[in-house]
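Here is how the chains run, residue by residue.
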Amino acid sequence: MEPYAQKAQALADDGVVAISDLQAAVSAAPLIIAVTADFDTLWSNIAETSGWKSSTLVNLVTGTPDEVDLMHERITAKGARYLDGIVLCYPESIGSAVAFLSYAGLQRDLG
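Procedures and definitions
- Counting starts from 1 at the beginning of each chain's written sequence and moves along it residue by residue.
- Thresholds applied to this predicted model are a pLDDT of at least 70 for local features of residues and 80 or more for the giving and counting of side-chain atom pairs; totals over whole chains, interfaces and linings are not thresholded and use all residues.
- Only hydrogens and water are removed before side-chain values are computed, so all heavy atoms of the structure are retained for them.
- For helices the rule is a DSSP run of H or I covering at least 4 residues; for strands it is a run of E covering at least 2, with both sets numbered from the N terminus onward.
- Throughout, exposure labels follow a simple rule: accessible area from a 1.4 Å probe, protein chains only, divided by the maximum for the residue type, with under 20% read as buried, over 50% as exposed, and the rest as partly exposed.
- Identification of polar contacts relies on pairs of N or O atoms within 3.5 Å, with a donor-acceptor requirement for protein atoms, meaning one able to donate a hydrogen and the other able to accept it, and with residues adjacent in sequence counted only if both atoms are side-chain atoms.
- One less than the number of residues in a helix, times 1.5 Å, gives the span that helix is expected to have.
- Regarding the arc, it is the one traced by the directions from the helix axis to the C-beta atoms.
- The criterion used for residue contact is that any of the two residues' heavy atoms lie within 4.5 Å.
- DSSP bridges decide pairing: two strands pair if at least two such bridges lie between them.
- Crossovers are marked right-handed if the path from the first strand over the helix to the second runs clockwise, as seen with the strands pointing away from the viewer.
- Axis definition: a line fitted to C-alpha atoms, limited for helices to the stretch in contact. Angles are taken between N-to-C directions and run from 0 to 180 degrees.

Teacher, can you tell me more about the side chain of Thr-49 here?
Tracing the chain through its elements places Thr-49 in the loop between α3 (39-46) and β2 (56-59). On the basis of relative accessible area, Thr-49 is assigned to the buried category, the value being 9%. For Thr-49, the side chain forms a polar contact with the main-chain oxygen of Ile-46, separated by 2.6 Å.

This is the structure in structure tokens:
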């Protein structure tokens, strides 16, 4: 199991289900949170996945408005909702009282 899956597994008591296979995660989870280096990396990892119906992708990758628009088109073509977000804290602060994550999207995708 890779390191990030191990961290998720440690949160099992809080209701987190660790799934190390991306396709299995997309098929099982109503909410997918993506944090990658850039939009190209994100798309190269999810382009071949299926089963996105009724899922929401929250993308925490920094990019340009054109990249956001393209990712929105690609994800909605898969049948999923798309939200764009940002992380406003240091990585080690995630899960603490000082962590702040924000997301936005079309009203229909926020529901």
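What is the right way to read helix α4 (residues 65-77) from this model?
Because each turn of an α-helix spans 3.6 residues, side chains separated by three or four positions in sequence point in the same direction. With 13 residues, α4 should reach 18 Å at 1.5 Å per residue; the first-to-last C-alpha distance of 18 Å fits that figure. Turning to α4, its buried residues are Val-68, Met-71, His-72 and Ile-75. Angularly, the buried residues of α4 cover 105° about the axis, an arc narrow enough to put them on a single face. Opposite the buried face of α4, at more than 90 degrees from it, the exposed residues are Asp-66, Glu-73 and Ala-77.

Please explain α3 as it appears in this structure.
For α3, every residue scored as buried is listed here: Phe-39, Leu-42, Trp-43 and Ile-46. All buried residues of α3 fall inside an arc of 95° around its axis, so they share one side. Counted as exposed and oriented over 90 degrees from the buried face of α3: Asp-40 and Ser-44. Packing partners of the buried residues in α3 comprise α2 (22-28), β1 (31-34), β2, α4 and β3 (81-87). Two to three positions downstream of the cap, the backbone nitrogen of Asp-40 sits 3.2 Å from a side-chain oxygen, assigning the N-cap of α3 to Asp-38.

It is not clear to me how the pairing of β1 should be interpreted in this structure. Could you clarify?
Of the two faces of β1, only the one carrying Ile-32 and Ala-34 is buried; Leu-31 and Ile-33 on the other face are not. Of the pairings in the sheet, the one linking β1 to β2 comprises four bridges and is parallel in character. Bridged to Ile-32 within β2 is Leu-57. One crossover worth recording links β1 to the parallel β2 by way of α3, and it is right-handed.

Mind showing me how you'd approach the sheet that holds strand β4 (residues 101-104) here?
Two pairing modes exist for strands in a sheet, parallel and antiparallel, and in both the strands are linked by backbone hydrogen bonds. Ordered in space as β1-β2-β3-β4, the four strands form an open sheet in which the pairing is mixed. Each having just a single partner strand, β1 and β4 make up the two edges of the open sheet. Between one strand axis and the next, the sheet turns by 25° as a mean value, whatever way the strands run. Relative to β3, β2 runs parallel, the two sharing four bridges. Its bridge partner being in β3, Asn-59 is matched across the sheet by Asp-84. Taken strand by strand, α3 contacts β1, β2 and β3, and its axis lies near 155° from that of β2.

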